[in-house]
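These are the residues of each chain, in order.
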Amino acid sequence: MKPFLHTQTLIQEDWISQLTNVITDFSELLELLGLSNHADFVTQKTIKDSFSLRVPRSFVARMRKGDPKDPLLLQVATSQNELINTFGYNVDPLNESNYIFSGVLHKYHNRALFLVKGHCAVHCRYCFRRYFPYKDHKGNKVNWQKSLQYIQKQNDLDEIILSGGDPLIATDDELSWLFTQLEQIPHLKRIRIHTRLIVIIPQRITTTFCQRIEKSRLKVLIVTHINHKQEINDQLCHGILMLTRSGVTCLNQSVLLRNVNDNAVTLAALSNALFDAGILPYYLHLLDKVQGAAHFYVNDDRARIIFRDFITRVSGYMVPKLVREIPGKLSKTPIDLNIY
């Protein structure tokens with residue numbers, strides 16, 4: 001075997017092994033962080049459903065030991081708050097079930113989401129798709145063919161967004177096959193990939209993946225999901241450099257989360273860290289009101305106050321758009337910064 005191929009095999013096995021060797025037991029997570037006896041967690045039990053605790057060890061390694069308020073821990077730790085049935089929150093907050101056609105989520109005029117895989121590397125507790133019926137949209141070539149046939153017939157589409165779950169759970173070979181199929185559809189210009197996997201496990205950015213992107217006739221954009229500066233480490237920065245050298249435009253979308261990043265100083269630090277890593281801030285979303293996530297909510301007036309302070313602390317090119325998604329609207333809706 002050639003040394004290069006051997007190296008690539010080891011790298012792929014590394015990210016796949018990290019993806020399978022995850023923490024699913026809350027007691028183990030607390031023990032690793034030195035929080036086993038912390039009063040806030042002693043009586044807390046894991047949520048025993050299809051959206052139970054899941055977090056790779058590489059992400060846990062970025063958490064601060066002994067800190068029950070660590071912003072990365074709060075994003076992934078199951079909570080009794082998730083069991084509260086909150087008025088105005090539901091299992092399909094964006095009414096996505098109304099827009100699914102053959103594995104494609106088609107809400108907007110020129111772009112559509114291709115549901116590649118139904119799994120994620122990590123279960124973020126505020127995820128708006130935590131109740132999504134992924135079992136009805138399995139990520140395999142039989143279903144992908146149906147999605148591709150749908151896309152071929154939609155001549156207004158010029159951009160396909162690979163989504164899920166996380167699309168980069170697909171292997172390099174699977175992604176190469178998908179790229180080849182999409183490249184043969186003449187009305188497409190761009191592929192956008194929405195992913196948190198490369199943040200959680202940066203080794204997912206392989207040389208093989210970057211080389212395939214570099215060969216594509218389609219412009220490739222990758223949108224990471226990073227909510228806090230602490231999520232960005234040297235391995236991720238190296239991976240982003242590999243992507244940008246392959247011609248990828250790297251953007252980031254965040255969610256404004258109570259007790260995680262809901263202050264101007266934290267948001268400014270995030271924007272600076274993103275830019276230093278070669279990623280442009282793109283969107284800052286207000287929380288989608290999915291049932292079980294109300295404890296993360298930041299109301300509109302507080303969001304405006306935070307954002308108006310934030311934009312005084314960074315250069316204009318580091319300011320993401322403050323938006324919310326409203327079911328039925330044909331684009332994200334910007335938040336007016338005026339307080340009435």
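Residues numbered from 1 in each chain as written. Predicted model: local features only at pLDDT ≥ 70, side-chain atom pairs only at ≥ 80, totals over all residues. Heavy atoms only, no water.

To continue, consider the pairing of strand S5 (residues 111-115). Summarising burial for S5: five of the five residues are buried, a large majority. Neither face of S5 is left uncovered, since the one carrying Arg111, Leu113 and Leu115 and the one carrying Ala112 and Phe114 both have all their residues buried. As defined by bridge partners, strand S4 (residues 104-105) adjoins S5 across two bridges and the pair is classed as antiparallel. The partner of Val104 across the bridge, within S5, is Phe114. Two successive antiparallel strands, S4 and S5, enclose a turn made up of five residues. Bridging between S5 and strand S6 (residues 159-163) involves five bridges; their strand directions are parallel. By the bridge assignment for S6, Ala112 is matched with Ile160. Taking the sense of rotation as the criterion, the β-α-β connection linking S5, helix H6 (residues 141-153) and S6 turns out right-handed. (Buried < 20%, exposed > 50% of the residue type's maximum accessible area, 1.4 Å probe, protein only. Helix = DSSP H or I, 4+ residues; strand = E, 2+ residues; numbered from the N terminus. Pairing = 2+ DSSP bridges. Right-handed = clockwise from strand over helix to strand, strands pointing away.)

Further remarks concern the UniProt feature "binding site: [4Fe-4S] cluster" (unreviewed entry) in the protein chain. Mapped onto this numbering, the UniProt entry gives "binding site: [4Fe-4S] cluster" (unreviewed entry) at Cys120, Cys124 and Cys127. The topology assignment puts Cys124 in the loop between S5 and H6. You can call Cys124 buried: its relative accessible area is 7%. With residues up to four places along the chain from it excluded, the contact list for Cys124 reads Phe51, Gln75 and Arg196. (UniProt positions renumbered as here; feature names shortened; annotations may be inferred. Contact = heavy atoms within 4.5 Å.)

Under the defined criterion, the tally for this structure stands at eight aromatic pairs. Here Tyr126 and Phe296 contribute two aromatic rings whose centre-to-centre distance is 5.7 Å and whose plane-to-plane angle is 80°, an arrangement assigned as edge-to-face. Placement of Tyr126 in the loop between S5 and H6 and of Phe296 in the loop between strand S10 (280-285) and helix H12 (300-310) is noted, with a sequence separation of 170 residues between them. Sitting above the plane of the Phe209 ring, Arg204 keeps its charged end 5.6 Å from the centroid. (Phe/Tyr/Trp six-rings, centres within 6.5 Å; stacked < 30°, edge-to-face > 60°. Lys NZ or Arg CZ within 6 Å of the ring centre and 35° of its normal.)

Now for the domain arrangement of the protein chain. A common way to report how large an interface is uses the accessible area buried once the components associate. Considered domain by domain, the protein chain is made up of domain 1 (15-82) and domain 2 (96-334). The centre of domain 1, based on its C-alpha atoms, is set 23 Å off from the matching centre of domain 2. Each partner contributes to the roughly 2600 Å² buried at the junction of domain 1 and domain 2, and carbon and sulfur atoms together form 59% of this total. The largest per-residue losses of area from domain 1 upon contact with domain 2 belong to Trp15, Phe51 and Gln75, which jointly make up 34% of the total buried on that side. Put simply, domain 1 and domain 2 have two salt bridges between them. Salt-bridge contacts for Glu82 lead to Arg130; the nearest nitrogen and oxygen are separated by 2.9 Å. Here domain 1 is connected to domain 2 by 20 residue pairs in polar contact (both at pLDDT 80 or more). (Domains from an automatic or database assignment. Buried area = accessible area lost by both parts, 1.4 Å probe. Salt bridge = Lys/Arg side-chain N within 4 Å of Asp/Glu carboxyl O. Polar contact = N/O pair within 3.5 Å; in protein donor to acceptor, adjacent residues only side chain to side chain.)

This part is about the UniProt feature "modified residue: N6-(pyridoxal phosphate)lysine" (unreviewed entry) in the protein chain. As recorded in UniProt, the feature "modified residue: N6-(pyridoxal phosphate)lysine" (unreviewed entry) lies at Lys332. Mapped onto the elements of the fold, Lys332 is located in the loop between strand S11 (321-324) and strand S12 (333-334). Setting aside its immediate chain neighbours within four residues, Lys332 contacts Tyr108, Tyr283, His285, Val323, Arg324 and Glu325. Polar side-chain contacts of Lys332 include one of 3.4 Å to the side chain of Tyr108.

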